[in-house]
Amino acid sequence: MIFEVHSVTEIEARIAEVGRNARTAREAMKALPEDPVEALMRMKFEPIGSHPLEARALNLVEQINQTFTYLIALKAARLLLQWHTEAGGLRLAPGAHTRGNSLDIEGLVPGVVGAETFAAVALTNNGKLAKDLTKLAARPETHRYVFFGSPRYPDTARLPAKERSGVAVWSICMHA
């Protein structure tokens, strides 16, 4: 899903929608069978969850993954809109790169801001931080960022020790 945001109000509405869809998933979990293997099988294979931002059924495992992908991107976009009004708004495509070298977040004014986002237990998972830093190091945007969510970094904070090649690294608080 690719969409544009122009204001913090739009972002807050999208975050609220993610929350509503998470509540729907929570209700589906209450109705799972008692048998643990059967319950896990339904969570993985049956479309009893929903996309975080679209009226589209998903299995719960995919909903969990996409929920945090979208939350991190939306919370990062909220910061970027406040920091870089010259970007003219933002285009978000979290985790779904349909164009060759596109980013998770790009300013609508070309060359101003670009960011990659992810959620992971640890920053070393799948080498994601290193890959994103390498990708952004080669980008032309004036302001380049990697934003991530991880329970090991519970606060929204800049992490200068993780930065390289002029790419800022920020942890994002995943809680409300």
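See the structure above.
To keep things clear, this report deals only with the structure shown in the data block. Since the model is a prediction, treat every value here as computed from it, not as a measurement.

Parameters at a glance
Within any chain, residue numbers begin from 1 and follow the written order of that chain's sequence. Totals for whole chains, interfaces and linings use all residues, but because this is a predicted model, local features are given only for residues with pLDDT of at least 70 and pairs of side-chain atoms are given and counted only at 80 or more. Here the side-chain values reflect all heavy atoms present in the structure, with hydrogen atoms and water set aside. Per the convention used, a helix needs a DSSP run of H or I reaching at least four residues, while a strand needs a run of E reaching at least two, with both numbered from the N terminus. Burial here depends on accessible area, computed with a 1.4 Å probe over protein chains only, as a share of the maximum for the residue type. Under 20% is buried, over 50% is exposed, and the range in between is partly exposed. Note on contacts: a residue pair is in contact if any heavy atoms of the two residues lie within 4.5 Å. Accessible surface area values rest on a Shrake-Rupley calculation with a 1.4 Å probe, where residue burial reflects the displayed protein chains alone. Under the counting rule used here, the positive set is Lys and Arg, the negative set is Asp and Glu, and His together with the chain ends is not counted. Working definition for charges: the position is that of NZ of Lys, CZ of Arg, CG of Asp or CD of Glu. Centre distance within 6.5 Å is the pairing criterion for rings of Phe, Tyr and Trp, where only the six-membered ring of Trp is used; planes under 30 degrees apart are then read as stacked, over 60 as edge-to-face, and the remainder as tilted. The rule is short: NZ of Lys or CZ of Arg within 6 Å of the ring centre and within 35 degrees of the ring normal puts a charge over the ring. Nine residue types can take part in a nonpolar core, namely buried Ala, Val, Leu, Ile, Met, Phe, Trp, Tyr and Cys, and a core is a set of them joined through side-chain atoms within 4.5 Å. Each polar contact in these results corresponds to two N or O atoms within 3.5 Å; when the atoms are within protein, one needs to be able to donate a hydrogen and the other to accept it, and residues that are neighboring in sequence are counted only if both atoms are side-chain atoms. In this analysis an axis means a line fitted to C-alpha atoms, helices contributing only their contacting stretch, and an angle means the value between N-to-C directions, from 0 to 180 degrees. Geometric relationships in this document are graded by angle, where less than 35 degrees denotes roughly parallel, more than 145 denotes roughly antiparallel, 65 to 115 denotes roughly perpendicular, and other angles denote oblique. Here a crossing is called left-handed whenever its near helix is offset anticlockwise from the far helix by less than a right angle, and right-handed whenever the offset is clockwise. Three classes are used, and their members are as follows: Ala, Val, Leu, Ile, Met, Phe, Trp, Tyr, Cys and Pro are nonpolar, Asp, Glu, Lys and Arg are charged, and the others, Gly among them, are polar. We treat two strands as partners when DSSP finds at least two bridges between them. Arc, as used here, means the arc of the directions from the helix axis to the C-beta atoms.

Describing the overall build of the chain
If you tally the helices and strands in the chain, you get four helices and nine strands. Order of helices (α) and strands (β) in the chain, N terminus to C terminus: β-α-α-β-β-α-β-β-β-α-β-β-β. On the principal axes, the C-alpha backbone points of the chain span a range of 55 × 30 × 30 Å. Counting over 176 residues, the chain shows a buried share of 44%. In the chain, once contacts between residues fewer than 6 apart in sequence are set aside, the share between residues at least 24 apart is 52%. When the accessible area of the chain is evaluated, it comes to approximately 9000 Å², of which 57% is carbon and sulfur surface. When the 21 positive and 19 negative side-chain charges of the chain are each reduced to one mean point, those points stand 4 Å apart.

Observations concerning the packing of aromatic side chains
Tallied over the full model, the rule gives six aromatic pairs. Look at Trp 83 and Tyr 145: their rings are 5.7 Å apart centre to centre, the planes differ by 35°, and that puts the pair in the tilted class. Of the two residues, Trp 83 is situated in helix H3 (residues 60-83) and Tyr 145 in strand E7 (residues 143-149); the sequence distance between them amounts to 62 residues. Aromatic rings pair up to connect Trp 83, Tyr 145, Phe 147 and Trp 170 into one cluster. Over the ring of Phe 3 we find Arg 14, and its NZ or CZ is 4.1 Å from the ring centre.

Thoughts on the nonpolar core
Judged by nonpolar contacts, the single largest core of 28 residues is most densely connected at Val 5, Leu 80, Leu 90, Leu 92, Ile 105, Tyr 145 and Phe 147. Counting only elements with at least two residues in this core, the list comes to strand E1 (3-5), helix H1 (8-30), H3, strand E4 (90-92), strand E6 (113-119), E7 and strand E9 (168-171). With sequence-adjacent residues up to four places away left out, Leu 90 is seen in contact with Phe 3, Glu 4, Val 5, Ala 77, Leu 80, Leu 81, Ile 105, Glu 106, Gly 107, Leu 108 and Val 113.

Side note on the environment of Glu 163
Checked against the element boundaries, Glu 163 lands in the loop between strand E8 (157-158) and E9. Taking the relative accessible area as the measure of exposure, Glu 163 reaches 23% and is therefore partly exposed. Sequence-distant contacts of Glu 163, that is, excluding residues within four places in its chain, are made with Arg 158, Ala 168 and Val 169. Among the polar contacts listed, one links the side chain of Glu 163 to the backbone nitrogen of Val 169, at a separation of 3.2 Å.

Brief notes about the packing of H1 against H3
It is at 10 Å that the axes of H1 and H3 come closest, and there the two elements cross at 165°. One finds that H1 runs roughly antiparallel with respect to H3. The two elements H1 and H3 cross, and the hand of that crossing is left-handed. Residue-level inspection shows Val 8, Ile 11, Glu 12, Arg 14, Ile 15, Val 18, Asn 21, Ala 22, Ala 25 and Met 29 of H1 in contact with H3, the latter providing Leu 60, Gln 63, Thr 67, Leu 71, Leu 74, Lys 75, Ala 77, Arg 78, Leu 81 and Gln 82. Partitioning the contact of H1 with H3 into residue classes produces twelve nonpolar, four polar and four charged.

Notes on the pairing of E9
Neither face of E9 is open: one carries Ala 168 and Trp 170, the other Val 169 and Ser 171, and all of them are buried. Here E7 runs beside E9; their pairing, made up of four bridges, is parallel. Looking across to E9, one finds that Val 146 is bridged to Val 169. Pairing of E8 with E9 involves two bridges; the strand directions are antiparallel. Bridged to Arg 158 within E9 is Trp 170.

Focus on helix H4 (residues 128-137)
Every buried residue belonging to H4 is among Leu 129, Asp 132, Leu 133 and Leu 136, and all of these are buried. Down the axis of H4, the sector holding all buried residues measures 100°, keeping them to one side. Buried residues along H4 sit in contact with E6, E7 and E9.

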